[in-house]
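# Residue-level structure breakdown
Here's the letter readout for the chains.
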Amino acid sequence: MQGPQLLPGVVVAGGVAGAGGAPQQHAMRYTGALLTRAVAAALAARHAAAPLPGVPFAAASAAAAAAASSSSSTSAAALLAERAASHLWASSSRRGAHFERGSDSFEEAEASCWSCHDRHKRGSLLCQSCDKIQPADSSQTYFDLMGIREPTFDIDTAALERRYKLLQWTLHPDKSVARTPQEQGFSAEHASHVNQAYGVLRKPLSRANYLLSLAGVQAGDNFEGTIEDPELLMEVMEAREQVEATDDPRELAPLLDSARARQSALEARLSEAFRARDTGAAAALVAQLTYYVRLEEAITAKM
Ligand SMILES: [Zn+2]
């Protein structure tokens, strides 16, 4: 049985059966390891941009802040939207950040405004007294940032999209001309975090990896050799060969459908695994899902 307290590395050890098995099986595992190595490198890059809660946010790309779409509205409407966003933000913070840590601690639920020193909910975007933009709270998870109360695999992607648009609009650099340089800095920092959070949460694979990281399971530690099922490896490699063998969209289309169907099935199983807090099962499913996501990418690159 694998519980939430599962240590990193246990997943890897999950089924190193057949270490001295048939050469063919060994070869398949080796190929799988090469594939997963590439995947792990990509994930490591992603994790570098997605720091764990409690760890200070890495210097984020300033360009991220520029991605927001602009909108011409009255300043009153803008202020209302900012307040709405701030409220959403504050109401969601300090709630779900504790996938592994257990209960909330209320002593940290408030913070002082850097400008007027009034107390406000920790994680608030704006001070409710003076409307000054507050510094980013590095203890917030991406789920907190995006208004999702509990870290979960089963998110409402339409709601995520709406919140992203609202925050992007609120934090757009064009809106901060009246802000102090300090506030502009905070705003750019928030915008960068929001972009990171949205980027990670919107896709099932990166969302699953992030959930695992919140649970203390490092994908980088676990990916090597997670797929031990020779049939699965064979299937994936055959599909890859089929993709490589053709440039015909009519042949690629059914392969794409198949890769997507496999992803949907794996996502359903991931949802179950996360609901059961079975990080070991989730990590193994993430490894499988990674193969099919890469396969889809390979197919769409040719279409
Ligand atoms: Zn204030």
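Scoring rules and cut-offs
Residues numbered from 1 in each chain as written. Predicted model: local features only at pLDDT ≥ 70, side-chain atom pairs only at ≥ 80, totals over all residues. Heavy atoms only, no water. Helix = DSSP H or I, 4+ residues; strand = E, 2+ residues; numbered from the N terminus. Buried < 20%, exposed > 50% of the residue type's maximum accessible area, 1.4 Å probe, protein only. Contact = heavy atoms within 4.5 Å. Areas by Shrake-Rupley, 256 points an atom, 1.4 Å probe, with all protein chains shown as cover. Donors = N, O, S within 2.8 Å, 3.2 Å for Na, K, Ca; no water. Tetrahedral: all angles 85-135°; square planar, octahedral: opposite > 155°, others 65-115°. Phe/Tyr/Trp six-rings, centres within 6.5 Å; stacked < 30°, edge-to-face > 60°. Lys NZ or Arg CZ within 6 Å of the ring centre and 35° of its normal. Salt bridge = Lys/Arg side-chain N within 4 Å of Asp/Glu carboxyl O. Core = buried A, V, L, I, M, F, W, Y, C linked by side-chain atoms within 4.5 Å. Domains from an automatic or database assignment. Axes fitted to C-alpha atoms, helices over the stretch in contact; angles between N-to-C directions. Parallel < 35°, antiparallel > 145°, perpendicular 65-115°, else oblique. Left-handed = near helix turned anticlockwise from the far one by under 90°. Nonpolar A, V, L, I, M, F, W, Y, C, P; charged D, E, K, R; others polar. pLDDT = per-residue confidence, 0-100. Expected span 1.5 Å × (residues − 1). Arc of directions from axis to C-beta.

## A word on the overall build of the chain
Each helix and strand counted, the chain has 11 helices and two strands in total. Its helices and strands in sequence order give the chain the pattern α-α-α-β-β-α-α-α-α-α-α-α-α, from N to C terminus. A burial count over the chain gives 45% of its 303 residues as buried. Considering only contacts in the chain between residues 6 or more positions apart, those separated by 24 or more positions represent 75%. When the accessible surface of the chain is summed, it comes to about 14,800 Å², and 55% of that surface belongs to carbon and sulfur atoms.

## A word on the coordination of the zinc ion
At this site the zinc ion is bound by Cys113 (SG), Cys116 (SG), Cys127 (SG) and Cys130 (SG), with donor distances of 2.3 Å. With four donor atoms in place around the zinc ion and angles of 105 to 119 degrees between them, the coordination shape is tetrahedral. Donor residues binding the zinc ion come from one chain and are separated in sequence as C-x2-C-x10-C-x2-C. Taken together, the residues cysteine 113 in the loop between strand E1 (110-112) and strand E2 (119-121) and cysteine 127 in the loop between E2 and helix H4 (142-145) connect sequence positions 14 residues apart. Across this residue pair, the class does not change: cysteine 113 and cysteine 127 are buried.

## A look at the packing of aromatic side chains
Within this structure, the stated rule accounts for five aromatic pairs. Relative to tyrosine 198, the ring of tyrosine 164 lies with its centre 3.7 Å away and its plane at 5 degrees, an arrangement referred to as stacked. Taken as a pair, tyrosine 164 in helix H5 (residues 157-170) and tyrosine 198 in helix H6 (residues 181-201) lie far apart in primary sequence, 34 residues in all. By the burial criterion, tyrosine 164 is buried, and tyrosine 198 matches it. Taken together, the ring pairs connect Tyr142, Phe143 and Tyr210 into an aromatic cluster. Here the basic side chain of arginine 207 rests over the ring of phenylalanine 153, its NZ or CZ set 4.8 Å away from the ring centre.

## A word on the pattern of salt bridges
In the structure shown here, the tally under the stated rule is 10 salt bridges. Here glutamate 110 ties to arginine 119 by a salt bridge, and the two come within 3.5 Å at their closest N and O atoms. Judged by its relative accessible area of 42%, glutamate 110 falls in the partly exposed class. A residue is classified by how much of its surface remains accessible, and arginine 119, at 49% relative accessible area, is partly exposed. Salt-bridge contacts for arginine 262 lead to glutamate 235; the nearest nitrogen and oxygen are separated by 2.3 Å. Taken together, the positions of arginine 262 in helix H10 (residues 249-275) and glutamate 235 in helix H9 (residues 230-245) put the pair 27 residues apart, joining distant regions of the chain. Residue classification places glutamate 235 among the partly exposed positions, given a relative accessible area of 33%.

## Looking at the nonpolar core
Residues Phe143, Met146, Leu201, Leu270, Phe274 and Ile299 are the most contacted members of the largest nonpolar core, which totals 48 residues. Going through the elements one at a time, H4, H5, H6, helix H7 (204-214), H9, H10 and helix H11 (279-302) are the ones with two or more residues in this core. No other element matches H11, which puts 10 residues into this core. Both of domain 1 (110-202) and domain 2 (230-302) provide at least three residues apiece to this core. In this view, methionine 146 contacts Leu160, Arg163, Tyr164, Leu167, Val194, Ala197, Tyr198 and Leu201; residues no more than four positions away in its chain are not counted.

## As for the environment of valine 194
Structurally, valine 194 is set in helix H6. For the pair valine 194 and tyrosine 164, spaced 30 residues apart in the sequence, the C-alpha separation amounts to 7.2 Å.

## Regarding the packing of H10 against H11
In contact at an axis separation of 9 Å, H10 and H11 are set at 160 degrees when each is read in the N-to-C sense. With respect to each other, H10 and H11 are oriented roughly antiparallel. Two packed elements cross with a definite hand, and for H10 against H11 that hand is left-handed. Taken together, the residues that form the contact of H10 with H11 break down as 17 nonpolar, three polar and six charged.

## Points about the confidence of the model for the chain
Low-pLDDT portions of the prediction should not be read for the details of their coordinates. Averaged over all residues, the pLDDT of the chain is 70; the fraction at 70 or higher stands at 60%. Highest mean pLDDT in the chain belongs to H10 (96); lowest belongs to helix H1 (residues 10-13) (26). Note that pLDDT drops below 50 for residues 220-224; the model gives that stretch 19 contacts with residues more than four away or on any other chain.

## Notes on H9
Taking 1.5 Å as the rise per residue, H9 with 16 residues should run 22 Å; its terminal C-alpha atoms sit 22 Å apart, in good agreement. Taken together, the buried positions of H9 are occupied by Leu232, Leu233, Val236, Met237, Ala239 and Val243. The buried residues of H9 all sit within an arc of 160 degrees when viewed along its axis, so they share a single face. In this structure, H9 carries Glu231, Glu241 and Ala245 as exposed residues pointing more than 90 degrees from its buried face.

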